[in-house]
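# Chain and residue survey
Each chain, written out:
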Amino acid sequence: MPLSRKISERVQAIRPSGIRRFFELVIGRKDVISLGVGEPDFPVPWSIRESMIYSLEKGWTSYTSNLGLKELRDGIAEYYKKFGVETSGENVLVTTGVSEGLDLALRATINPGDVVLIPEPCYVAYKPLAFLAYGEPVSIPTNPDFRLNYDVLKPYSKFEPKVLVLNYPNNPTGITYTKKELEEIADFVIDNDMIVISDEIYAELTYKGKHVSIASLNGMEEKTVILNGFSKAYAMTGFRIGYAIAPDEIVQAMTKIHQYCMLCAPITSQIGALEALKLKDEEMDKIRAEYMRRRNFFVKRLSKFLDVKMPEGAFYAFPSIKETGLSSEEFAERLLIEKGVAVVPGNAFGECGEGFVRCAYAVSMEKLKEAVERMEEFVENLKSD
Ligand code: PLP
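So, here's what we can say about the structure. (Residues numbered from 1 in each chain as written. Predicted model: local features only at pLDDT ≥ 70, side-chain atom pairs only at ≥ 80, totals over all residues. Heavy atoms only, no water.)

### Observations concerning the side chain of lysine 339
Looking at the element boundaries, lysine 339 is found in helix H12 (residues 328-339). With residues up to four places along the chain from it excluded, the contact list for lysine 339 reads Arg334, Arg374, Glu377 and Phe378. (Helix = DSSP H or I, 4+ residues; strand = E, 2+ residues; numbered from the N terminus. Contact = heavy atoms within 4.5 Å.)

In structure tokens form, the structure reads like this:
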């Protein structure tokens, strides 16, 4: 039997990430400006790196408790007060990125065939991870405004769903929710006795209003697994460090899996994360203000030739490319080949992302200016064809 046939059917059935494919196309091309990958271009603040170097000099290189360093867990619980959540370090599990948290949360809650509601367009990992956990992912298209509310969710009650995966500020659409909007989503979760996995990785990058965690709403503490981490706000992507905040039973269930598949998050990264929590609010304000400056410039320029909404958070713009007559993949591929600008086709984020592309504005103003000019030339040429 060929080795390929020995790969599990579930793994054979999942598609490689649409983002990675484009990432690989640009490797080695010096002329390319990549708006493709959601990777902050800020250096990791020096105090964080210094704490990690110090820890290595001290030889702190061992495993930690499965749950993570106690000071870090307590620090995370304290930090989450700013998003309205009263919790304790006991309810925090330190993970190797939000990615691991997602996997654990899904595996800890899903029985084979349980329905997992996934509003789309969404982050590329949700569907494959729900499927690998033997769940039944059901997509909820959120076009045209990309927002969820009770009426959008209501028809999905018939599936007797168990889990809703929520992400705000959203990758790829940039939308986020007010407390009032979250209350409608919470009503649906409560009415259907569900669990919500709330991926709040972009919480610090909220430009419109203040981020409110859905876990802070009445009756939601017992129904929410908050996922967050240090990759985006502190540019610590390569350190692979995040966390889950969940009710006792769920944290314990997630820890059961984590202790066997991961043991613990890397100690050096945990030390860096502890230092990140000590950063003053003003430092974060500066980073947020810089992203806002880029967003304002990029989206305003983009809106001259494509239909695009002003993102309310994260660092992505999601313009419609429908008027060009190209599919998302054709648009992204031709833009890359003809103009050397990498963006991600919207269908990588679910079928209803077709007709859009995602542009990450986490690059310098200089690169953004050049990229948007090349995009304009490309689109104007298409329009005049
Ligand atoms: N969740 C969302 C919405 C993301 O956009 C990303 C990365 O792009 C992740 C999770 C992965 O985060 P981490 O680096 O913490 O694993």
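After that view of the structure, there is still more to cover.
### Observations regarding the nonpolar core
Of all hydrophobic cores here, the largest spans 97 residues; its most connected members are Leu35, Val225, Tyr234, Phe298 and Met375. No other element matches helix H13 (residues 365-384), which puts eight residues into this core. Shared between two domains, this core holds at least three residues of each, these being domain 1 (3-44 + 281-384) and domain 2 (62-276). Not counting residues within four places of it along the chain, the set of residues in contact with phenylalanine 298 comprises Leu35, Ala317, Cys359, Tyr361, Leu368, Val372 and Met375. Core analysis: the second largest hydrophobic core is formed by 30 residues, Phe146, Ile185, Met194 and Phe349 among them. (Core = buried A, V, L, I, M, F, W, Y, C linked by side-chain atoms within 4.5 Å. Buried < 20%, exposed > 50% of the residue type's maximum accessible area, 1.4 Å probe, protein only. Domains from an automatic or database assignment.)

### Remarks on the sheet that holds strand S9 (residues 316-317)
Across the sheet, which stays open at both edges, the three strands sit in the order S9-S12-S11 with antiparallel pairing between neighbours. In the strand order of this sheet, the two ends are held by S9 and strand S11 (344-345), each with one partner. Taken together, the two bridges between S11 and strand S12 (residues 357-360) define a ladder with antiparallel strand orientation. Considered in S12, the bridge of proline 345 is made with valine 357. (Pairing = 2+ DSSP bridges.)

### A word on the state of the cysteines
Counted under the stated rule, the structure contains zero disulfides. Here cysteine 261 stays free of any disulfide, with the sulfur of cysteine 264 as its closest cysteine sulfur at 11 Å. Lacking any disulfide linkage, cysteine 359 is separated from the closest cysteine sulfur, that of cysteine 352, by 17 Å. Of the residues examined, cysteine 359 reaches a relative accessible area of 0% and is grouped as buried. (Disulfide = S-S within 2.5 Å.)

### Thoughts on helix H4 (residues 70-79)
Of all the residues in H4, the buried ones are Leu72, Arg73, Ile76, Ala77 and Tyr79. Down the axis of H4, the sector holding all buried residues measures 165 degrees, keeping them to one side. Pointing more than 90 degrees away from the buried face of H4 are the exposed residues Lys70 and Glu71. Turning to H4, the residues buried within the fold contact strand S2 (92-95), strand S8 (242-245) and helix H10 (267-276). (Arc of directions from axis to C-beta.)

### Overview of a nonpolar patch on the surface
Nonpolar side chains collect at one region of the surface, where Ile7, Val11 and Leu132 lie side by side and expose about 220 Å² of accessible area between them. For isoleucine 7, the location among the structural elements is in the segment before helix H1 (9-13). Judged by its relative accessible area of 43%, isoleucine 7 falls in the partly exposed class. (Patch = residues over 30% accessible without salt bridge, like charges linked within 9 Å, V, L, I, M, F, W, Y side chains within 5 Å. Areas by Shrake-Rupley, 256 points an atom, 1.4 Å probe, with all protein chains shown as cover. Salt bridge = Lys/Arg side-chain N within 4 Å of Asp/Glu carboxyl O.)

### A short note on the site of the ligand
Lining the immediate surroundings of the ligand are 13 residues, of which Ser99, Asp199, Tyr202, Lys232 and Arg240 lie closest. Taking tyrosine 202, its side chain carries an N or O atom lying 2.7 Å from an oxygen atom of the ligand. In the environment of the ligand, an oxygen atom lies 2.7 Å from a nitrogen or oxygen atom belonging to the side chain of lysine 232. When the ligand sits alone it has 400 Å² of accessible area, and the protein chains cover 93% of it. The biggest single contributor to the shell around the ligand is helix H5 (residues 97-109), with three residues. Of the residues in the shell around the ligand, the class split is five nonpolar, five polar and three charged. (Near = heavy atom within 4 Å. Polar contact = N/O pair within 3.5 Å; in protein donor to acceptor, adjacent residues only side chain to side chain. Nonpolar A, V, L, I, M, F, W, Y, C, P; charged D, E, K, R; others polar.)

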